[in-house]
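Chains, contacts and geometry: an overview
Listed below are the residues making up each chain.
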Amino acid sequence: MPPVSTTTLTTPTGPVALPTIGFGTWQVPDDEVVPAVLAALDAGYRHIDTAALYGNEAGVGRALAGSDVPRDDVFVTTKVWNSDQGFDETLRAFDASMGRLALDVLDLYLIHWPAPGNDRYVDTWRALGRLRDDGRVRAIGVCNFQAEHLQRLHDETGEWPSINQVELHPYLQQSPLRAFHAQRDIVTESWSPLASGKRVLDDPVIDEIARAHGATPAQVVIAWHLALDLVVLPKSVTPSRIVENLAAADLELTGDELAAIATLDRGFRTGPDPEEFNGA
């Protein structure tokens with residue numbers, strides 16, 4: 001498998017390279033995540049995404065320690081959960097995550113949700129900045145932030161996140177938010193890139209494109225993300241699908257195919273609305 005391409009995260013301390021295809025671990029139990037991450041690393045993934053909420057940071061850490069791939073070659077992301085937001089709370093949550101991951105330095109730390117009703121995301125962002133400035137994390141960003149949340153961070157701290165990880169797939173294309181990001185040098189990263197397998201992979205437009213390329217529908221959707229310069233986080237615990245998903249990097253869609261997929265947007269979410277979700 002050829003090396004995965006990278007995009008650049010802009011940080012005050014210099015550019016940070018991020019592989020454009022990452023291995024997502026949401027809903028993978030701790031005991032199952034070790035073989036899954038090892039299979040991903042063996043297949044050629046060099047970007048692993050986890051979170052405190054997922055309950056599998058320790059398993060990810062065991063996989064990293066047990067892999068032959070050098071630590072410096074793997075980009076690792078984790079996230080602070082809503083109930084741990086706040087300046088001091090976030091610093092403690094980061095220490096706990098790093099203990100589970102058994103890492104000295106993290107590549108990327110994210111605020112998992114804005115949780116606007118809790119009104120702690122600005123203080124949480126300041127804590128992430130402290131961790132970055134202290135050299136404990138290389139880059140910082142957010143997940144599920146809307147434009148108004150991003151703007152508030154900048155208004156109150158003078159800094160944009162390097163990246164915003166949001167639900168994004170052909171049925172939820174997030175075009176206005178992507179444009180907002182592009183104007184501010186914020187990388188867009190897609191979670192649930194296959195819409196959790198709900199409807200998108202069975203869409204006739206996706207199926208027709210897949211047949212034309214001799215590819216799987218999942219590969220077509222992953223290739224679509226990459227064609228839009230998005231970072232994409234497909235997830236699977238099946239070794240053959242892990243390899244198939246990464247191979248989508250070699251699939252080039254035509255302009256007509258991209259235009260056809262662009263017509264599929266229907267505002268369909270598989271997860272919560274960031275404007276309303278404040279879950280603890």
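Structure shown above.
Once a new chain begins, its residue numbering starts again from 1 and follows that chain's sequence as written. Under the rules for a predicted model, residues below a pLDDT of 70 receive no local features and side-chain atom pairs below 80 are neither given nor counted, while totals for whole chains, interfaces and linings still include all residues. To get the side-chain values, all heavy atoms of the structure are used, and hydrogens and water are removed first.

**Brief notes about the pairing of strand β7 (residues 137–143)**
We count it as follows: Exposure categories follow from relative accessible area, calculated using a 1.4 Å probe and restricted to protein chains: below 20% of the type maximum is buried, above 50% is exposed, and the middle band is partly exposed. Secondary structure counts use DSSP, requiring at least four H or I residues in a row for a helix and at least two E residues in a row for a strand, with both numbered from the N terminus. Pairing between two strands is assigned when DSSP locates at least 2 bridges connecting them. Viewed with both strands pointing away, a crossover whose connecting path from the first strand over the helix to the second turns clockwise is right-handed.
Among the seven residues of β7, six are classified as buried, and the element is accordingly described as predominantly covered. Here strand β6 (residues 106–111) pairs with β7 via five bridges, running parallel. Bridge assignment links L110 to a residue of β7, and that residue is G141. Taken together, β6, helix α4 (residues 121–133) and β7 form a β-α-β motif whose crossover is right-handed. Of the pairings in the sheet, the one linking β7 to strand β8 (residues 163–167) comprises two bridges and is parallel in character. Bridge pairing links V142 to N164 in β8.

**So, the packing of α4 against helix α5 (residues 147–157)**
Convention followed: To get an axis, a line is fitted to the C-alpha atoms, and for a helix only the part in contact is used. The angle between two axes follows their N-to-C directions and goes from 0 to 180 degrees. Any angle from 65 to 115 degrees is called roughly perpendicular, while one under 35 is roughly parallel, one over 145 is roughly antiparallel, and all others are oblique. By convention the crossing between two helices is left-handed if the near helix lies anticlockwise of the far one by an angle smaller than a right angle, and right-handed if it lies clockwise. We call two residues in contact whenever any of their non-hydrogen atoms come within 4.5 Å of each other. In this classification, the charged set is Asp, Glu, Lys and Arg, the nonpolar set is Ala, Val, Leu, Ile, Met, Phe, Trp, Tyr, Cys and Pro, and all remaining amino acids, among them Gly, are polar.
At their nearest, the axes of α4 and α5 sit 10 Å apart, and the two run at 60° to each other. In terms of axis orientation, α4 runs oblique to α5. α4 and α5 meet at a crossing whose hand is right-handed. Contact residues: Y121, V122, W125 and R126 in α4; H149, R152, L153, E156 and T157 in α5. The class makeup of the residues in the contact of α4 with α5 is four nonpolar, two polar and three charged.

**Thoughts on the side chain of T90**
Here T90 lies in helix α3 (residues 87–101). The class of T90 is buried, set by a relative accessible area of 0%. Here T90 is in contact with V80, D84, Q85, Y109, T124, A127 and L128, once residues within four sequence places are set aside.

**Side note on the pattern of salt bridges**
What counts is decided by this rule: Salt bridges are counted wherever a side-chain nitrogen of Lys or Arg sits within 4 Å of a carboxyl oxygen of Asp or Glu.
In the structure shown here, the tally under the stated rule is 12 salt bridges. Notably, a salt bridge pairs R136 with D95, separated by 2.7 Å at the nearest N-O pair. Of this pair, R136 sits in the loop between α4 and β7 while D95 sits in helix α3, placing them 41 residues apart in sequence. Owing to a relative accessible area of 29%, R136 belongs among the partly exposed residues under this scheme. For D95, a relative accessible area of 40% translates into the label partly exposed. In this structure, D207 engages R211 in a salt bridge whose closest nitrogen and oxygen atoms are separated by 2.8 Å. Of this pair, D207 and R211 both sit in helix α7 (residues 204–213), four residues apart, which is roughly one turn of the helix. Under the relative-accessibility criterion, D207 is labelled partly exposed at 29%. The class of R211 is exposed, set by a relative accessible area of 66%.

Nothing here speaks to function; it is all geometry.
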